[in-house]
Amino acid sequence: MRMTSNQRTGAFGQSRVKAQFEDLGCAPIPNPEHDFGTDLYIQLANLEGNLTGAFIGAQIKTGKSFFKEEVHGRAGVVEGWWFREDLAHYDYWMTHQVPHVVILYNKSEQTAYWSQITKSRCKLTKKGFKVFVPSHQVVDFQHLGSLIRVASSASSAISLEGTAWDSSKYSMPQGSKMRHSFIAPRLVAPHGNRQIDTIGYHEAIALQIQGRGVDYSDFLDSNRALKEAADTWGWQFARTVNSFTSGLMPDEFSSELLQLGSAPTEDVPGAIVFLACMHMERGNFHQAKSVLENNTITENSVDNAWIKTQIARCELETGNLEAAKVIINNTIIELLRVKNDVTATAILGAATKLRNTMLDYRNASIQEMISAADNIASWWRSKTVSIGATKVLVRNFRQWAGDTSQIIFADDVANNSLFAAQIQANLTGDRDDWRTYLSFSGQNTLLDKTDDRSIQIALSDLKLSGDAKTLELATRKICDDGPLQVLRKFATSIRNSNWSYTTSLPNLMVWKNAGELLSESDADEAASYCIDAILGRQSALHPSTLTGFSIGFRVFEALSGIMNASSVTSHQRVLETLIEIDERSFEHPEISRCLKRLKWDRINPELIDSLINKIANLSNSSTSNSILGLISRHRTSARDILLDRFTSDADAALSIEYIGGLSEHAANDLIQDLAYRVERLCSESSTQPRTYPPDPAPAFLAQLNSLHQSIACWDPVLTYLSSENIDRNDKYATCQIISRLHNKIADRVRTSLTESIGKIRLQSSSYAIHNFMSRNIDGVLLRAEYVLGVIPPESINLSVIAAIHGAAEIRRDIAEFAALDDTGQLGWVLSNLLNDGDAQVRALVTQGIAHWISNDRAEPWMVSYARSLPDGDGTRLPLAFVIGMCNPTSEQSQLVLPTLTHFSTHPSARVRRIAGEKLAKVELEQEKGV
């Protein structure tokens, strides 16, 4: 009997697909007699060509008709095809014991496309169902691992109900007790409420990994038999684990874990992984990798996969991305063959998440990642974290409520639970969870501990976790408020040898906030690392360890912090680097912060001119204007370029940061152009939407008018301030300029300004959340009203009393107002805000006190406060004080000269530099006196 055309096409496709699977090392078995829904049964092979014992069934369809129903993406590219079938096939596949795929074979392309048939992927239709077959999913070596995962989807769930009390209900694989002690200690350690006379060393280890160190100690203290067994390898190893879980991390981990040669064979893999993880806890991934690779790989497939997963972690952290990918892909395939082992599913979950970490985000599978994280060991770790988080909440509430009662002999459950989850995730190889719990642990320590050692450990935990944002907040807080010696030691510890994939960004954030605490030599070394990275040279910041964030932006952030402590040589190198880099790099806003901290007066003028020339020729005029404006404070040539541009670029002059010394001619041109811009802004304000940030032109015009009274043009500013169509908070900057420069404003203008400023008070803000668009104007408005005479001196105290109980941003403006008060009437405001809850307010108060002392207006308590400042810690208040000492040669300044002298040796390079400059003025004055 002759075959029909359709039969010949189908047979051709089946033979070709069968051949493709054979080329991959698989064993396809035709099913010709009972082919309803299954043309082939395929035993899959791993990437090394060994058969795995895992099977899938395949329905194969060949011919153009199966590729007619195309699905197109946004760009019109074919993303796949819909395959339709009847409900009889649907029922067959849904109830089959073997997972099935549908394969569409394209004869012309000689390509087989496949999709797994599952309930979630199938969509029911009126005549049956349809399933999507993606165009990127083909039968080839690259997708072999995905097909193995399809085969493993038929595995049965592990029954674990009731094992919390009696772990014997779980059938633990032979020789895996050490692995379970580390990854699933709940199944090994006895329940806390069970009365058990004795335990073995595996149980002792599991208790510690659970964070139950007290229970472990109780067993040892009450059981003589355990003490007699103390010399065996198992109990020596248990004590080593105890040293680590107790916070004691010996330099040499118990002589490489007490000579593994005397350990039971089945326990060796666990000991190897533990030793490697201890190195990882210190960020020593090269040493961890060496430990893992230099020990014999076990024949046990799960132990083998466990060690390989840890090796892949080390490869990733040390920048060997491709090697890590190869290892982890083979490991996943190996683990997919394992059934009924809790630790295997946990390691598989860790390996799968690690694999997705290394993939481009467009290729990473969200479904795969979520499914991988959904395993028994992960659930138990989450419960452990929940216990710790609950205890943290209770502790913080008791502190808030002022509960001073003491709990005698209580274990630190919060810390122990977070640490237990952290070490379990680390031992499993779950990099993501380990990082998360490590960060939780570090944050908890900073909230609960104040001693130097605990703070140092907490900062190390945050760095190792890769939680750069939290570490940035923590280092900024410690740099502001202390302890500085701990932070200085931590920042100095960042060396060439301890950079990794995870710690690179945190390291840069430490330099950003604590770079000013480095010694000059350390700062120069750090600057050299950063410059080499920006220029793409081999350095500590190797590109392979910086995947996942913009290298330029973050490195410039770090450089901005390092510049305060580095030498002139480094400052010149930064300038040379900026001249060398491509134009696109100047888009990084942190370049401006670096430039602000350069020692311009000591840098080669020719280098500065070369940089100005390069910046002037940038194609992005906004970036060019911004950077030239910053340099204009130090070089008039940069300002001249911006003034020349102003006729064609209205924003150019607004970038100038220093306008002192402008010629009358240049100032007049600016005033006329700005006046026209402000008039247009006022006329269009009723029809144009509000802009963010507010237009700087009115404030800039007010500043020029104040400094050039003879050619001033105030009418547009008065119209702007009086306009009801412009939100009152948008007028913040203009009111601030007027309040600061009020002494330079002509009396005839002050009267008009008084009327305009008064109208702002009556105006309501158009936005409830004003601080999203601009700053709250109430504080600076009060100051402007006072200096212009809207509020008489006898009424100012009542107005200020209401303001100092307002929002933090209002209190900051009031603190600055009191600090610069010429009348001496507002000293009580500084006293009231001295212990304000907002750190910036306290800093402004300290700066104000120094200002009052410099002007010989200080009250006795202010001098006492200034003398006490050296007893504190941090950089915030010392920096505020030395900045505020505007006249260190005044009579009262001599009373606080010891404070200034003390700050000249401060750990912060910024504080030392400014204090030294002020002391130099004092010495110069003394020399003149002599």
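Please refer to the structure placed before this passage.
The notes below deal with the structure included here. (Residues numbered from 1 in each chain as written. Predicted model: local features only at pLDDT ≥ 70, side-chain atom pairs only at ≥ 80, totals over all residues. Heavy atoms only, no water.)

**Focus: the overall build of the protein**
Looking only at helices and strands, one finds 44 helices and 9 strands in the protein. Within the protein, the fraction of its 930 residues that count as buried is 52%. For the protein, the proportion of contacts with a sequence separation of at least 24, taken over those separated by at least 6, is 66%. Working note: accessible area of the protein is about 42800 Å², and carbon and sulfur atoms make up 50% of it. (Helix = DSSP H or I, 4+ residues; strand = E, 2+ residues; numbered from the N terminus. Buried < 20%, exposed > 50% of the residue type's maximum accessible area, 1.4 Å probe, protein only. Contact = heavy atoms within 4.5 Å. Areas by Shrake-Rupley, 256 points an atom, 1.4 Å probe, with all protein chains shown as cover.)

**Considering the sheet that holds strand 9 (residues 129-134)**
Strand order in the open sheet made by the 4 strands is 4-5-9-8, with antiparallel pairing throughout. Two strands lie at the open edges of the sheet, namely strand 4 (70-72) and strand 8 (122-124), each paired on one side alone. The sheet shows a mean angle of 30° between the axes of neighbouring strands, taken without regard to direction. With 6 bridges joining them, strand 5 (residues 78-85) and strand 9 adopt antiparallel strand pairing. (Pairing = 2+ DSSP bridges. Axes fitted to C-alpha atoms, helices over the stretch in contact; angles between N-to-C directions.)

**Focus on the nonpolar core**
The tendency in soluble globular proteins is for nonpolar side chains to be buried as a group. One finds Trp511, Leu595 and Phe881 to be the most contacted residues of the largest nonpolar core, which totals 149 residues. Both domains that meet at this core, namely domain 3 (462-655) and domain 4 (659-791), each give it at least three residues. The contact partners of phenylalanine 881, leaving out residues within four places of it in the chain, are Thr846, Ala850, Ala866, Leu869, Val896, Thr899, Leu900 and Phe903. Listed in part, the 89 residues of the second largest apolar core include Ile42, Ile148, Tyr216 and Ala305. (Core = buried A, V, L, I, M, F, W, Y, C linked by side-chain atoms within 4.5 Å. Domains from an automatic or database assignment.)

**Here we look at the sheet that holds strand 3 (residues 51-62)**
Judged by pairing direction, the sheet is mixed, and its 5 strands sit side by side in the order 1-2-3-6-7 without closing on themselves. Either end of the sheet is taken by a strand with one partner, and the two such strands are strand 1 (27-30) and strand 7 (111-116). Direction aside, the axes of adjacent strands within the sheet are offset by 30° on average. As paired strands, strand 2 (residues 40-45) and strand 3 are joined by 5 bridges and run antiparallel to one another. Bridged to leucine 40 within strand 3 is alanine 58.

**Description of the pattern of salt bridges**
For the structure shown, the criterion picks out 30 salt bridges. Notably, a salt bridge pairs arginine 179 with aspartate 303, separated by 2.7 Å at the nearest N-O pair. Linking arginine 179 in helix 4 (residues 177-183) with aspartate 303 in helix 12 (residues 301-317), this pair joins segments that are 124 residues apart in sequence. In this structure arginine 179 comes out as buried when scored by relative accessible area, which is 3%. Among the salt bridges present, the one from glutamate 315 reaches lysine 289, with a minimum N-O distance of 3.2 Å. With a gap of 26 residues between them, glutamate 315 in helix 12 and lysine 289 in helix 11 (residues 285-293) connect regions that are remote in the sequence. A single burial state applies to glutamate 315 and to lysine 289, both of which are buried. (Salt bridge = Lys/Arg side-chain N within 4 Å of Asp/Glu carboxyl O.)

**Regarding helix 5 (residues 201-209)**
Burial of helix 5 is extensive: 9 of the 9 residues sit out of reach of the surface. Note on helix 5: the residue one or two positions beyond its end, glycine 211, has a positive phi of about 85°.

**Brief notes about unusual backbone geometry**
Residue glycine 482 is joined to proline 483 through a cis peptide bond whose omega torsion reads 5°. The residue proline 483 is located in the loop between helix 20 (468-481) and helix 21 (484-492) in this model. One non-glycine residue, glutamine 110, lies in the positive phi region at around 55°. When you line up the elements, glutamine 110 lands in the loop between strand 6 (100-106) and strand 7. In this structure, aspartate 856 takes a positive phi of about 55° despite not being glycine. Considering the arrangement of structural elements, one finds aspartate 856 in the loop between helix 40 (839-854) and helix 41 (860-868). In this structure aspartate 856 comes out as partly exposed when scored by relative accessible area, which is 38%.

**Thoughts on helix 33 (residues 732-740)**
In terms of burial, helix 33 is largely enclosed, as 7 of its 9 residues are buried. Buried within helix 33 are the following residues: Tyr732, Thr734, Cys735, Gln736, Ile737, Ile738 and Ser739. Residues of helix 33 that are buried make contact with helix 31 (697-707), helix 32 (715-722), helix 34 (747-762), helix 36 (778-787) and helix 38 (808-819).

**Overview of the packing of aromatic side chains**
Taken as a whole, this structure holds 19 aromatic pairs when the rule is applied. With a centroid separation of 5.0 Å and 15° between ring planes, the pair formed by tryptophan 233 and phenylalanine 237 is classed as stacked. Of the two residues, tryptophan 233 and phenylalanine 237 are both situated in helix 8 (residues 233-245); the distance of 4 residues between them amounts to about one turn of the helix. The pair tryptophan 233 / phenylalanine 237 is uniform in exposure class, with both members buried. A connected cluster of aromatic rings, assembled from ring pairs, spans Phe182, Tyr201, Trp233, Phe237, Phe244 and Phe274. A cation over a ring is seen here: lysine 107 above phenylalanine 12, with NZ or CZ 5.1 Å from the ring centre. Positioned over the ring face of tryptophan 852 is arginine 857, at 4.6 Å from the centre of the ring. (Phe/Tyr/Trp six-rings, centres within 6.5 Å; stacked < 30°, edge-to-face > 60°. Lys NZ or Arg CZ within 6 Å of the ring centre and 35° of its normal.)

**What about the packing of helix 40 against helix 42 (residues 876-884)?**
Taken N-terminus to C-terminus, the directions of helix 40 and helix 42 make an angle of 30°; their axes are 7 Å apart at the nearest point. Of the two elements, helix 40 crosses helix 42, and the hand of that crossing is right-handed. Along the contact surface, helix 40 presents Ala839, Gln840, Arg842, Ala843, Thr846, Gln847, Ala850, His851 and Ser854, while helix 42 presents Arg876, Leu877, Ala880, Phe881, Ile883 and Gly884. Partitioned by chemical class, the residues of the contact of helix 40 with helix 42 number 7 nonpolar, 6 polar and 2 charged. (Left-handed = near helix turned anticlockwise from the far one by under 90°. Nonpolar A, V, L, I, M, F, W, Y, C, P; charged D, E, K, R; others polar.)

**Observations concerning the packing of helix 34 against helix 36**
As a packed pair, helix 34 and helix 36 sit with axes 10 Å apart at the nearest point and diverge in direction by 150°. Crossing geometry of helix 34 relative to helix 36 is assigned as left-handed. Of the residues in helix 36, those in contact with Arg750, Ile757, Ile760 and Arg761 of helix 34 are Asp778, Leu781, Leu782, Ala784, Glu785 and Val787.

**Side note on the environment of alanine 491**
Mapping alanine 491 onto the fold places it in helix 21. In this structure the C-alpha to C-alpha distance between alanine 491 and methionine 509, which are 18 residues apart in sequence, comes to 9.9 Å. With sequence-adjacent residues up to four places away left out, alanine 491 is seen in contact with Val510, Trp511, Ala514 and Leu518.

**Brief notes about the pairing of strand 3**
Looking down a regular strand, the side chains alternate between one sheet face and the other. Taken across its 12 residues, strand 3 has 9 buried, putting it largely inside the fold. In this antiparallel pair of consecutive strands, strand 2 and strand 3, the connection spans 5 residues, and glycine 49 shows a positive phi of 90°. Both strand 3 and strand 6 contribute to a ladder of 6 bridges, which runs parallel. Within the sheet, the bridge partner assigned to isoleucine 60 lies in strand 6 and is isoleucine 103.

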